[in-house]
Amino acid sequence: RDLKRFDESLISCDRAIALKPDFAGAYSNRGNALRDLKRLDEALESYDRAIALNPDYAEAYSNRAITLQYLKRLDEALASYDRAIALNPDYADAYSNRGIALKDLNRLDEALASYDRAIALNPNYAEAYSNRGNALRDLKRPDEALTSYDRAIALNPYYAKAYYNRGNALRDLKRLDEALE
């Protein structure tokens, strides 16, 4: 999967399932491969199977939620993130991705709280800082957004989206020369 060879990833997961049909992790990974292949309904079926095999599988709930977000089924995604977080209260990725769903629902204060929780759990989480900045921009707080983007860039100097978002915040602040840079 890391090599972006999603068809092969799917084949490997199917082999693992054939060898061990009750392997919840293989079903969740299969769902990831199917999501990468844009076969979203099939991905949901794989996550649901993983959850049926292991009802306490927080990562499967979170993976399921990401797929539901792609399908624009945001309320269902939130419920799935909330279940993942209930199972693993220290799941920073679930909090950050939950924030994205909340932002897409225009529930910006809740999104901000979700990003803040992700950052509290993982202070080096560049994506959460950048996403936090996006919520702050939407809340018309560009100075604070800029601080979040700067933190994201400090954590990951190769994070192109954070630079792009930072430029937009600078534009909002009418600091156009800096925005161009």
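Residues numbered from 1 in each chain as written. Predicted model: local features only at pLDDT ≥ 70, side-chain atom pairs only at ≥ 80, totals over all residues. Heavy atoms only, no water.

**Q** Help me out: how do you make sense of the overall build of the protein chain in this one?
**A** A tally of helices and strands in the protein chain yields 11 helices and zero strands. For the protein chain, the N- to C-terminal ordering of α and β elements is α-α-α-α-α-α-α-α-α-α-α. Across its three principal directions, the C-alpha atoms of the protein chain cover 60 × 30 × 25 Å. Within the protein chain, the fraction of its 181 residues that count as buried is 47%. (Helix = DSSP H or I, 4+ residues; strand = E, 2+ residues; numbered from the N terminus. Buried < 20%, exposed > 50% of the residue type's maximum accessible area, 1.4 Å probe, protein only.)

**Q** Help me understand the packing of aromatic side chains, please; the structure alone is not making it clear to me.
**A** Aromatic ring pairs are reported here in terms of the distance separating the ring centres and the angle at which the planes meet. Throughout the structure, instances matching the rule amount to zero aromatic pairs. Cation over ring: R49 sits above Y27, and NZ or CZ is 5.5 Å from the ring centre. (Phe/Tyr/Trp six-rings, centres within 6.5 Å; stacked < 30°, edge-to-face > 60°. Lys NZ or Arg CZ within 6 Å of the ring centre and 35° of its normal.)

**Q** Looking at this structure, I do not really get unusual backbone geometry. What am I missing?
**A** Glycine aside, negative phi is the norm for most residues, and most peptide bonds take the trans geometry. In this structure, K38 takes a positive phi of about 65° despite not being glycine. Within the secondary structure, K38 sits in the loop between α2 (24–36) and α3 (40–53). For K38, a relative accessible area of 67% corresponds to the exposed category. If you check the backbone angles, K72 has positive phi at about 65° while not being a glycine.

**Q** Teacher, can you tell me more about the nonpolar core here?
**A** Burial of nonpolar side chains together is a common tendency in soluble globular proteins. Core analysis: the biggest nonpolar cluster contains 46 residues, and A50, Y81, A84, A94, A118 and A152 have the highest contact counts within it. When residues no more than four places from it in sequence are discounted, the contact partners of A152 are A126, Y129, S130, Y159 and A162. Residues L10, A33, L34 and A43 belong to the second largest nonpolar core, which totals five residues. (Core = buried A, V, L, I, M, F, W, Y, C linked by side-chain atoms within 4.5 Å. Contact = heavy atoms within 4.5 Å.)

**Q** Sorry if this is basic, but what is going on with the environment of Y27 here?
**A** Its place among the elements puts Y27 in helix α2. By relative accessible area, which is 14% here, Y27 ends up buried. Along the chain, Y27 and E181 lie 154 residues apart, while their C-alpha atoms are 45 Å from each other. Ignoring any residue separated from it by four or fewer positions in sequence, one finds Y27 in contact with I17, P21, S46, Y47, R49, A50 and L53.

**Q** Sorry if this is basic, but what is going on with the side chain of T67 here?
**A** Looking at where T67 falls in the secondary structure, it is placed in helix α4 (residues 58–70). Look past the residues within four positions of T67 in its chain and what remains in contact with it is R35, L40, A43, L44 and Y47.

**Q** Would you explain the pattern of salt bridges in this entry?
**A** Pairing is possible between side chains of opposite charge, provided their charged atoms come close. On inspection of all chains with the given rule, the structure shows 16 salt bridges. Across the pair K20 and D22 runs a salt bridge whose closest N-O atoms are separated by 3.1 Å. Of the charged contacts in the structure, one is a salt bridge between E76 and R73, with a shortest N-O distance of 2.8 Å. Judged by its relative accessible area of 35%, E76 is partly exposed. Salt bridges here are not isolated pairs; linked through shared partners, they connect R137, R171 and D172. (Salt bridge = Lys/Arg side-chain N within 4 Å of Asp/Glu carboxyl O.)

**Q** How should helix α5 (residues 74–87) be read in this particular structure?
**A** Here α5 contains 14 residues, and its C-alpha end-to-end distance of 20 Å stays within 8% of the 20 Å for a straight helix at 1.5 Å per residue. Residues of α5 that are buried include every one of L74, A77, L78, S80, Y81, A84 and I85, and no others. Down the axis of α5, the sector holding all buried residues measures 165°, keeping them to one side. Projecting away from the buried face of α5 at angles above 90 degrees are the exposed residues D75 and A86. Summarising the contacts, the buried residues of α5 are in contact with α4 and α6 (92–104). (Expected span 1.5 Å × (residues − 1). Arc of directions from axis to C-beta.)

So far we have only geometry, and geometry alone does not tell us how the molecule works.
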